Each structure stands twice: as structure tokens, then as C-alpha cells.
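# Observations on chain architecture
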Amino acid sequence: MLGFKGKSARIVISAHSLLRWTLQQSQNVVQHPHIICMCKHKPLSYRTVYTSAIRYNASGAATADPKKKIGAMGYFLLIIPVAAFGLGTWQVQRRKWKLGLIKQLEDRTNAAPVAMPVTHQELEELEYMKVKVRGTFDHSKELYVGPRQEVIPGSAGGGHGGSMISTKARFGYHVITPFHCIDQGVTILVNRGWIPKNLLNPATRTGGQVGGETELVGVVKMTERRAPFMAKNDVARNQWFYCDFDEMSQVTGAEPILIDVAAESTTPGGPVGGQTRVTLRNEHLQYIITWYGLSIATGLLWYTGIFKKKSGASTRPPVRHI
């Protein structure tokens, strides 16, 4: 910029002095750095002004405004990442517990069969374990539970004792028959296995209706919960959608104890055994990823949006030249 002479120079200097005095009176303006007004062909320098809540010390370095603090709401929002981290850690412990439970059930289902105990209390301790029983069936009191999807015994990689759900799904019914245990002197319920709908009538499978004394291996089951929205059993029509041991024992006169016939005890021409499925939901890994991911994301948002903005100085604001 060219300099000014005479009256023009005095006018410029006076206006500049007035502007400098006005800026000095403002509490929200920080002046930085020097200005020199020169005349006679020497350039008139600019005054650089920063209008920001950030203050500068004598060396020009930015410092935090002591009036800007993290308030109660800021600390309250910190609860979100902390709570998400805690839930993720809790899911880690839950996953360890679930994997241990799955391993325990696998060991039970793969163990060698034992003699069926006499007392109900001892039987509860053998849930999902194989037991041996000897006795006779009462085919006149058969119950049918379904529709149920067939489980293919002996297929690799799934289900109880190496069973898995067939890729070509077939639906039918499970046949529940009272079984009188000779050694224990009690009558229990035995799930003989799966049959297609066209073999629901016992007259169509006479070859599989075992008569006389027989020995079988089965898996102990102590309870079966009714699935959500599942229809209720129609006892009068012998239509069962799930195994209600108490209702079945009242109808058949047997004890409310049920064992599922193992695949090795399947009778040729009769129901297909090995239909026990031990399923445990194990979705804890995706819960771990979800909660830890939420903790990291909200933690970064809190740091950049609250902590960094209010607890420390940010970068130097834009400059205006006057």
C-alpha cells in the first residue's frame, strides 16, 4: 500500500487511532500482534484482530478459557460410553459361561449310557444323559406331538449324538408311548421317534410296534417349554403341540418322566429315534462387538465434542485483517 502525505495522512492516522482505542475498550477482543503506522512512502501495516473466547498469553500461545468447564450435563453424557463398556465386559463373562455349559452338555450326551435310577431326584441329575431301561410298551395309549421336523440320525456335525436337521426338511410327528420299566417298577413316557404323517395310524406300521419285553437306550428329558405363540394342546383330540409331562402323565397314567429313544435303539419299520436336539443360543459374541463398538463411538464423540472443546484450547481461530 502506498503512503499518504499531508492532510490525507493525518486523516488516516486519526481514524486508525480511533479504531485502536475502540478495540482496546472491548472485553471480547484480543489484539495480536504489533502495528506500525508509517508515512512518507512507507507501507501502513495491518492490525490483526482475533475475536474468540480463546485467550492468548504474552508469547501468543493459546490458553484455555477458565470460564469454560465441563458441566454436569457433560459428565452425565459420559455415562453412555462407560455403561456400554461395562455391558460389553459382562457379555464376555456370559460367553465364557455359555461355552462352558455347551461343553458340559456335549460331554453328557456323548457319555456312555448308565442304568436308569429309581428315584426322581437321581434322575434329575442325569438330564440329557443316556440311560438304559428294560420293559414293555403300551401301544394302546400312544400320543402324537407335532408337527415336528425330522432329525437325521448319524449325520455329521450337528444335533445330539451326531444328529442334525435334514437339509431336505420333512415334517411329521413324534410318537410318545408309555413304557413300564421292569427293574424300577414304574411306568414312564418314551419318545420312540419321528414318523411321517402318512404313518400316523399304528395300523400302517405294525412291523415297528414292538411287543413283549425289550431293552432300549434313551436320553433323559425333565421338561419341555411351550414356545411363544404356540397353540395349546388339545388333549381330547390327542393333538399335542409340545410335551407337557404333567398332562401326558394324567392321560396315560405314567410318571411325568420322559426319555428320547437314541438312534441305536430305533426299531426297523417303526419311528426314527435320535430326535433329541440340545440347542443353546450363543449370540454373546455379536453382543460383545455391539456394546464395545458403541462404547468406542460414543467415547470419541464425547472426547471431541465436549472434553476437547471445553477443557483445552483448540486451534487458532480465523484471522481478520483491518
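Calculation criteria
Residues numbered from 1 in each chain as written. Predicted model: local features only at pLDDT ≥ 70, side-chain atom pairs only at ≥ 80, totals over all residues. Heavy atoms only, no water. pLDDT = per-residue confidence, 0-100. Contact = heavy atoms within 4.5 Å. Helix = DSSP H or I, 4+ residues; strand = E, 2+ residues; numbered from the N terminus. Polar contact = N/O pair within 3.5 Å; in protein donor to acceptor, adjacent residues only side chain to side chain. Expected span 1.5 Å × (residues − 1). Buried < 20%, exposed > 50% of the residue type's maximum accessible area, 1.4 Å probe, protein only. Arc of directions from axis to C-beta. Phe/Tyr/Trp six-rings, centres within 6.5 Å; stacked < 30°, edge-to-face > 60°. Lys NZ or Arg CZ within 6 Å of the ring centre and 35° of its normal. Patch = residues over 30% accessible without salt bridge, like charges linked within 9 Å, V, L, I, M, F, W, Y side chains within 5 Å. Areas by Shrake-Rupley, 256 points an atom, 1.4 Å probe, with all protein chains shown as cover. Salt bridge = Lys/Arg side-chain N within 4 Å of Asp/Glu carboxyl O. Core = buried A, V, L, I, M, F, W, Y, C linked by side-chain atoms within 4.5 Å.

### Brief notes about the confidence of the model for the chain
Per-residue pLDDT for the chain has a mean of 76; in total, 70% of the residues score no lower than 70. A low-confidence stretch, residues 7-13 (pLDDT under 50), is modelled with 6 contacts involving residues beyond four sequence positions or located in other chains. pLDDT under 50 marks residues 156-167. Its contacts with residues more than four places away, or in other chains, come to 27 contacts.

### Some details on the side chain of Glu-224
The topology assignment puts Glu-224 in the loop between strand E12 (214-221) and helix H5 (245-252). Within the structure, the side chain of Glu-224 is placed 3.4 Å from the side chain of Lys-221, a separation counted as a polar contact. A polar contact of 3.1 Å, which involves the side chain of Glu-224, links it to the backbone nitrogen of Cys-243. Those residues within four positions of Glu-224 in sequence are excluded, and the remaining contacts are Arg-148, Tyr-242, Cys-243 and Phe-245.

### Observations concerning the side chain of His-174
Of note, His-174 is situated in strand E10 (residues 171-181). Within the structure, His-174 has its side chain in polar contact with the side chain of Asn-191 (distance 3.4 Å). Leaving out residues up to four positions away in the same chain, His-174 has contacts with Leu-143, Tyr-144, Val-145, Arg-148, Asn-191, Gly-193, Trp-194 and Gln-275.

### Some words on helix H3 (residues 79-109)
Relative to the 45 Å expected for 31 residues at 1.5 Å per residue, H3 spans 45 Å between its end C-alpha atoms, a close match to the ideal helical length. Of the positions making up H3, those classed as buried are Pro-81, Ala-84, Gly-88, Gln-91, Lys-98, Leu-105 and Thr-109.

### Let's talk about H5
Buried within H5 we find Phe-245, Met-248, Ser-249 and Thr-252. For H5, the buried positions fall inside an angular range of 100 degrees around the axis, keeping them on one side. On its buried face, H5 is in contact with strand E7 (143-149), E10, strand E11 (186-196), E12 and strand E13 (258-261). Backbone geometry just after H5 places Gly-253 at a positive phi near 80 degrees.

### Concerning the packing of aromatic side chains
Counting across every chain of the model gives 2 aromatic pairs. Positioned over the ring face of Phe-137 is Arg-192, at 5.1 Å from the centre of the ring.

### Quick word on a nonpolar patch on the surface
Taken together, the side chains of Met-73, Phe-76, Leu-77, Ile-79 and Ile-80 define a hydrophobic patch exposed on the protein surface, amounting to about 500 Å² of accessible area. No other element matches the 3 residues that helix H2 (residues 72-77) contributes to the nonpolar patch. Tracing the sequence through the fold places Ile-79 in helix H3.

### Notes on the nonpolar core
Within the largest apolar cluster, 18 residues are counted, with the highest numbers of intra-cluster contacts made by Met-116, Val-133, Phe-179, Ile-188, Val-190, Leu-216 and Ile-259. Every element with two or more residues in this core is listed here: strand E6 (130-137), E10, E11, E12 and E13. Considering each element in turn, this core owes the most residues, 3 residues, to E6. Excluding anything up to four places from it in sequence, Met-116 contacts Leu-123, Val-131, Lys-132, Val-133, Cys-181, Gln-184, Ile-188 and Ile-257. Core analysis: the second largest hydrophobic core is formed by 10 residues, Leu-189, Trp-240, Cys-243 and Leu-258 among them.

### Looking at unusual backbone geometry
A cis geometry characterises the amide bond from Gly-146 onward to Pro-147, with omega recorded as 0 degrees. As for its position among the elements, Pro-147 is in strand E7. Its identity is not glycine, yet Tyr-128 carries a phi of approximately 65 degrees, on the positive side. Tracing the backbone through its elements, the reader meets Tyr-128 in the loop between helix H4 (120-124) and E6. Positive phi outside glycine occurs at Phe-229, with the angle close to 65 degrees. Tracing the sequence through the fold places Phe-229 in the loop between E12 and H5. Given a relative accessible area of 87%, Phe-229 falls into the exposed group.

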